[in-house]
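Reading the structure
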Amino acid sequence: MNQNDRELDEIVRIARAAAAVVMDVYATPFTVEMKGPGDPVTRADREANALICSALEAAFPGEAVLAEESVPAADELAARFGQERVFFVDPLDGTREFADRNGEFAVMIGLSVRGRAALGVVVMPTTGEALAGRAGHADERGGDGGFAFLEAKDGSRRPLRVSSVGAPADAALIVSRSHRPKELEPLIARLGITRVVPCGSVGVKIARIATAEVDLYIHGGGGAKLWDSCAPEAVLRGAGGRFTDLAGAPIDYAGPGLKLARGIIASNGALQDAVVAAARSELG
């Protein structure tokens with residue numbers, strides 16, 4: 001485990017500062033607004049967004065930042081996608097869970113380099129845990145030389161390593177707490193999966209794969225965007241897992257769009273090939 005990564009340590013510091021802002025709001029009778037159908041936002045989202053963007057600009061001047069609560073206009077968006085290094089910020093992943101006060105939300109900062117997730121930090125504000133990692137150099141088999149660790153509230157660190165479950169029928173699948181996606185039911189049945197764990201927040205779901213609590217996450221596409229996946233992908237790959245779209249291709253963080261239209265398969269790595277093959281058969 002790399003203990004001397006100053007860039008990663010700085011991003012952990014920034015994410016923890018934002019998590020403190022989130023918890024300050026969590027302790028108040030905050031209100032929930034709607035940016036659109038099924039798209040809630042709170043003061044915590046906006047204040048954490050502002051803090052992270054300001055801190056990244058101070059620590060990494062001139063580098064591109066794409067954050068959920070401050071998306072630029074189309075021409076500026078394209079210009080930022082065109083940079084070699086792009087930070088993707090989700091200041092409060094799991095706003096619905098934050099509003100429900102169930103603890104399943106995270107602060108996430110990811111860095112892509114030349115269109116691939118390279119570094120990520122996912123902080124769980126309610127527990128004080130921070131998951132952080134570097135993805136290393138990607139290849140189609142995962143296990144790409146990265147590293148990941150969990151930093152506890154007291155600052156102590158331990159390395160992260162995914163589970164070794166290799167048979168889909170033995171795997172624990174983590175799914176949305178608010179709705180189990182019906183379009184994935186045939187795929188789940190084809191894989192023989194019976195252990196299904198509900199959870200909010202994409203980041204929290206993938207964090208639980210990185211900590212070996214569960215083995216697999218499948219997202220059919222739709223509402224998720226690049227800031228939902230960049231940080232968790234880097235952590236998961238650093239912990240030895242794999243992260244692709246439903247067809248088995250790497251996630252492209254170079255744009256032109258922000259949506260993860262081709263879905264996600266995130267796993268411990270050992271399951272990835274079988275799940276991708278099943279997804280190609282079931283989802284076409």
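Below or above, wherever it landed, is the structure these notes cover.

So, how was this worked out
- Residues numbered from 1 in each chain as written.
- Predicted model: local features only at pLDDT ≥ 70, side-chain atom pairs only at ≥ 80, totals over all residues.
- Heavy atoms only, no water.
- Helix = DSSP H or I, 4+ residues; strand = E, 2+ residues; numbered from the N terminus.
- Rg over C-alpha atoms; globule rule 2.2 N^0.38 Å.
- Buried < 20%, exposed > 50% of the residue type's maximum accessible area, 1.4 Å probe, protein only.
- Contact = heavy atoms within 4.5 Å.
- Lys, Arg positive; Asp, Glu negative; His and termini not counted.
- Charge placed at Lys NZ, Arg CZ, Asp CG, Glu CD.
- Core = buried A, V, L, I, M, F, W, Y, C linked by side-chain atoms within 4.5 Å.
- Pairing = 2+ DSSP bridges.
- Axes fitted to C-alpha atoms, helices over the stretch in contact; angles between N-to-C directions.
- Salt bridge = Lys/Arg side-chain N within 4 Å of Asp/Glu carboxyl O.

Details of the overall build of the protein chain
Scanning the protein chain from N- to C-terminus turns up eight helices and 14 strands. Expected size for 284 residues packed as a compact globule is a radius of gyration near 19 Å; at 17 Å, the protein chain falls within 12% of this value. On the principal axes, the C-alpha backbone points of the protein chain span a range of 45 × 45 × 40 Å. Taking all 284 residues of the protein chain together, 54% fall into the buried category. Long-range pairs, those at least 24 residues apart, make up 64% of the contacts in the protein chain with a sequence separation of at least 6. Computed over 31 positive and 38 negative side-chain charges, the separation of the two mean positions in the protein chain equals 3 Å.

Brief notes about the nonpolar core
If you look at the biggest cluster of nonpolar residues, it comprises 42 residues, and the most contacted ones within it are Phe88, Leu131, Leu160, Tyr217, Leu236 and Ala266. Not counting chain neighbours up to four residues away, the residues in contact with leucine 236 comprise Val162, Ile206, Ile209, Ala210, Gly241, Arg242, Phe243, Ala266 and Ser267. Judged by nonpolar contacts, the second largest core, of 36 residues, contains Ala18, Val25, Val107 and Val121.

Regarding the sheet that holds strand β14 (residues 264-267)
The five strands lie next to each other as β11-β10-β12-β14-β13, forming an open sheet whose pairing is mixed. If you trace the sheet from one side to the other, it starts and ends with β11 (195-199) and β13 (242-244), each paired once. Across the sheet, the mean angle separating the axes of adjacent strands is 20° when strand polarity is ignored. Pairing geometry for strand β10 (residues 172-176) and β11, over five bridges, is parallel. Paired with alanine 172 across the two strands is arginine 195, which belongs to β11. Strand contacts of helix α7 (residues 226-238): β13 and β14, with the helix running at about 145° to β13, the strand carrying the most contacts. Against the sheet, helix α8 (residues 272-283) engages β12 (216-219), β13 and β14, with an angle of about 155° to β14.

Considerations on the sheet that holds strand β3 (residues 64-67)
The mixed open sheet is built from seven strands, whose spatial order is β3-β4-β5-β6-β7-β8-β9. The open sheet has two free edges, formed respectively by β3 and β9 (157-159), since each of these has just one partner strand. Across the sheet, the mean angle from the axis of one strand to that of its neighbour is 15°, orientation sign disregarded. Of the strand pairs in this sheet, strand β7 (residues 129-136) and strand β8 (residues 145-151) are connected by six bridges, and their pairing is antiparallel. Across the sheet, residue glycine 136 finds its bridge partner in β8, namely glycine 145. Relative to the sheet, helix α3 (residues 74-81) contacts β3 and β4 (85-93), its axis offset from that of β3 by approximately 125°.

Structural notes on the side chain of glutamate 97
Within the secondary structure, glutamate 97 is located in helix α4 (residues 95-100). It is arginine 96 that comes nearest to the buried, bridge-free glutamate 97 among opposite-charge side chains, at 5.2 Å. Residue contacts for glutamate 97: discarding those within four places in its chain leaves Asn102, Gly103, Glu104, Phe105, Gly200 and Ser201.

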